[in-house]
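Notes for the structure review
Below are the chains, spelled out letter by letter.
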Amino acid sequence: MRFQTILLSTSVLFMAQPIWAQTEDIGADSSASDATIIIVTASRSEQPLSQTGQSISVIDLEQIERTQSVTVADLLRNVPGVTLNRNGGIGTSTSVNIRGAGSDQTVALIDGVKLNDPSSPGSGFNFGNLLTGNISRIEVLRGSQSVVWGSQAIGGVVNTITRAPTDELRVNARAEYGYRDTGQVVGNISGRFGPVAASVGAGYFRTDGFSTFNEERGGAERDGYRNFGANGKFEISLSEAISIDLRGYYSDGKTDIDGFAPPTFAFGDTPETAETEEFVGYAGVNVNLLDGRFRNRFAFAYTNTKRDNFNLTTQTFDALGRNERFEYQGILDISDWLQATIGAEKEDSRFSSSSFGGPVSRASASIDSFYSQLRIMPMDGLTATAGIRYDDHSTFGGETNFAGDIVYSPNDGSTTFRASYGEGFKVPSLFQLFSDFGNETLQPETSQSWDAGITQQLIAGRLELNATLYQRDSENLINFVGCPVQIGICMNRPFGTYDNVARARARGVELGVTMRPVDSLTFAANYTLVDAENRDNDLVLARRPRNSVNASVDYDWTFGLKTGATVSHIGSSFDNASNSRSVEGYILVDLRAAMPITDNIEVYGRVENLFDEQYETIFRFGTPGRSAFAGVRLSF
């Protein structure tokens, strides 16, 4: 179907049924304005949402606690333009796609540190082990943004932020239990001790789970999962102008998986397990000069990802991926209406991997980056931003990217017009370059994207409507190619190699509505159209649902009870690149409630997949049925 026809049909649907849409900021308080919502993902520094023309959604702590979601991926599925695919239950490989871009083309961050795994084939991040735990905020940027975030920012950016240090001593804890012996305990403590403000926490999760091989197709064994996680932040004030930031994040997960057992090698129940251990560290020095008008940040960031697979006691795979990144960023307020940002980065990546105890593959690469950005606010309600970035990779050489956005409100936020243009790139992964299947002549994947939208507030802000059009063109996409004939890049590659062979286009619309007729009742919904196709053969990109709808309603009762429901519809998609196998669409309904017992104690519960929908996000892989959970939350 042609894009124009789909767009027209969608517009008619939206006008006829305005319930199927959603606000730009699904997690923000409906009474909050863009001027009061502070974000960090647009420019890597704090700024009001009202001063960026980029498409950004915010999920705050109130929304995280209200929805009671265990994983970050489940929260993201309700964000406009975002879909996910999961190879089974919690802990299995999970991909997050933004506006039709692959998960490897999404920058994932924890407290501003990139989480990509150099040892994975596409160097992307597996969202399977990222639990909500002590996450207090998530910002999702949609659109190419490599000027600020560098490689992989083709589809967008997901920035998860843990609980921040506080001045007063605070303790937060929760515990829950439910479906198939699933339990979780999470705690966090924060406070200030002289010049040191700190926030530290930890959590443990376990479940018996369900079969990774879909139980409706014959899966019989339960594939369980357990995870231990920890987080920490320290802010040390040395003087009014100098401070130190220390951040750490740790996750250790183990999940049962299914595979292809002999002699038939058909997909089914197997006794295999996969273990993933992740560590993220950050140390930064902040120096403010010129009475705070020139803010400098010098930092070192470190990520280490170790993956091990076992079949009973036999190790079938092990891999280690490591990133070391040195960063500098300077922000200068030239005047009240002009701000300049400059930055430099040096990243060293390395990986090692082996299968079944065979030879170990090792490789490393480095990339040096420089970027600058200028933001101008010439009049009330108008902000324009433009930036440029240059990256020099140790293998393929240089890459330059541009970006710009503009936002304008003629009536103090009641009507807001936004538009942005961004370029993105993704360097070939170390696996794609240097493994037994590698190709050292690969060039980076590139993209150019634009979007334009409008947000309209009515009835003193109690009704908000928004609409966004977008398009992204990608080139030099890296795919695995077979080598039936040993010539050209296939020379000495009998089992295949990687090559820049594909082009893609994704375009669509995001529509939203938020209604708050009274303070105690909030309704929000969104509709997303994603028309993602391979430009070389006009086939639809695999696992990219064309249509998705999310709607939620929440009501706060006068006696303290909080109730809510979410309905999500994900349309059908193709499971493979040839479009020969499809995955049916599905509808999920979740219910939730919470009740304070005292000022410091709250009990809560939820039912997920209320109508026991049988569905798949990936062909043959299982999904949870109807499930119920109950818990208690403490705060002091």
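Up top is the structure these notes are about.
These notes cover the structure that comes with them. Fair warning: this is a prediction, and the values are worked out from it, not measured in the lab.

So, the overall build of the protein
Within the protein, the regular secondary structure consists of five helices and 33 strands. Relative to its length of 636 residues, the protein is compact, with a C-alpha radius of gyration of 24 Å against a globular reference of 26 Å. Seen through its principal axes, the protein has C-alpha atoms that stretch 65 × 60 × 50 Å. Taking the contacts inside the protein whose residues are at least 6 apart along the sequence as the reference set, 61% of them involve residues at least 24 apart.

So, the side chain of Asn97
By the secondary structure assignment, Asn97 is in strand β5 (residues 94-98). Judged by relative accessible area, which is 3%, Asn97 ranks as buried. A polar atom in the side chain of Asn97 sits 3.0 Å from the side chain of Asn85. What Asn97 contacts, discounting residues up to four positions off in sequence, is Gly81, Val82, Thr83, Asn85, Gly102, Ser103, Arg543 and Arg544.

Topic: the nonpolar core
Within the largest apolar cluster, 25 residues are counted, with the highest numbers of intra-cluster contacts made by Leu76, Val82, Phe127, Ile138, Val140 and Val158. Of all the elements in the fold, those that place two or more residues in this core are α3 (72-76), β5, β6 (106-110), β8 (135-142), β15 (266-289) and β16 (294-311). Beyond its immediate sequence surroundings of up to four residues, Phe127 is in contact with Leu76, Thr94, Val96, Ser103, Ala108 and Val158.

Some thoughts on unusual backbone geometry
Residue Pro263 is bonded to the preceding Pro262 through a cis peptide linkage, with omega at 5°. Inspection of the secondary structure puts Pro263 in the loop between β14 (242-261) and β15. One non-glycine residue, Asp412, lies in the positive phi region at around 60°. A positive phi angle is found at Asn476, which is not glycine, with a value near 60°. Inspection of the secondary structure assignment puts Asn476 in strand β24 (residues 463-481).

Description of the pairing of strand β17 (residues 314-335)
In terms of strand pairing, β16 meets β17 through 18 bridges, oriented antiparallel. Within β17, the position partnered with Asn296 by the bridge is Gly330. Taking the residues between adjacent antiparallel strands as the criterion, β16 and β17 are bridged by two residues, where Leu312 takes a positive phi near 60°. Sheet topology places β17 next to strand β18 (residues 338-355); 18 bridges connect them, and they run antiparallel. When the bridges of β18 are listed, Leu320 appears paired with Ser352. Between β17 and the antiparallel strand that follows it, β18, lie two residues.

Some details on the sheet that holds strand β3 (residues 55-59)
On the basis of which strands lie adjacent, the open sheet formed by five strands has the order β3-β8-β9-β6-β7 and mixed pairing. The open sheet is flanked by β3 and β7 (113-114), the only strands paired with a single partner. Pairing between β6 and strand β9 (residues 156-162): five bridges, direction parallel. Note that in β9 the partner of Val107 across the bridge is Val157.

Things to note about the state of the cysteines
Tallying each qualifying case throughout the model produces one disulfide. Here Cys483 is linked by a disulfide to Cys490, with a sulfur-sulfur distance of 2.2 Å. As the torsion about the S-S bond is roughly -70°, the Cys483-Cys490 disulfide counts as left-handed. Neither residue differs from the other here; Cys483 and Cys490 are each classed as buried.

A closer look at the pattern of salt bridges
Counted by the stated rule, this structure contains 39 salt bridges. A salt bridge links Asp451 to Arg99; the shortest N-O distance between them is 3.0 Å. On the criterion of sequence distance, the pair formed by Asp451 in strand β23 (residues 445-458) and Arg99 in the loop between β5 and β6 is long-range, its members being 352 residues apart. Assigned by exposure class, Asp451 and Arg99 land together as buried. Of the charged contacts, one joins Glu608 and Arg606 as a salt bridge, the two residues approaching to 2.9 Å between their closest N and O atoms. Sharing partners across several salt bridges, the network here consists of Arg44, Arg297, Glu327, Glu345, Arg389 and Asp391.

Quick notes on the side chain of Asn134
Structurally, Asn134 is set in the loop between β7 and β8. Given the relative accessible area of 7%, Asn134 is considered buried. Here Asn231 takes part through its side chain, which lies 3.0 Å from a polar atom of the side chain of Asn134.

Things to note about the environment of Leu49
Summarising the element assignment, Leu49 is placed in the loop between β2 (47-48) and β3. The exposure class of Leu49 is buried, given its relative accessible area of 1%. Taking C-alpha positions, Leu49 is 46 Å from Asp436, a pair spaced 387 residues apart along the chain.

So, the pairing of strand β12 (residues 196-210)
In the sheet, strand β11 (residues 182-193) pairs with β12 via eleven bridges, with the strands oriented antiparallel. Note that in β12 the partner of Gly187 across the bridge is Ala202. The antiparallel hairpin formed by β11 and β12 contains two residues in its connecting segment, where Gly194 sits at a positive phi of about 65°. Both β12 and strand β13 (residues 223-237) contribute to a ladder of 13 bridges, which runs antiparallel. Within β13, the position partnered with Ser199 by the bridge is Lys233.

How each quantity is defined
Residues numbered from 1 in each chain as written. Predicted model: local features only at pLDDT ≥ 70, side-chain atom pairs only at ≥ 80, totals over all residues. Heavy atoms only, no water. Helix = DSSP H or I, 4+ residues; strand = E, 2+ residues; numbered from the N terminus. Rg over C-alpha atoms; globule rule 2.2 N^0.38 Å. Contact = heavy atoms within 4.5 Å. Buried < 20%, exposed > 50% of the residue type's maximum accessible area, 1.4 Å probe, protein only. Polar contact = N/O pair within 3.5 Å; in protein donor to acceptor, adjacent residues only side chain to side chain. Core = buried A, V, L, I, M, F, W, Y, C linked by side-chain atoms within 4.5 Å. Pairing = 2+ DSSP bridges. Disulfide = S-S within 2.5 Å. Salt bridge = Lys/Arg side-chain N within 4 Å of Asp/Glu carboxyl O.

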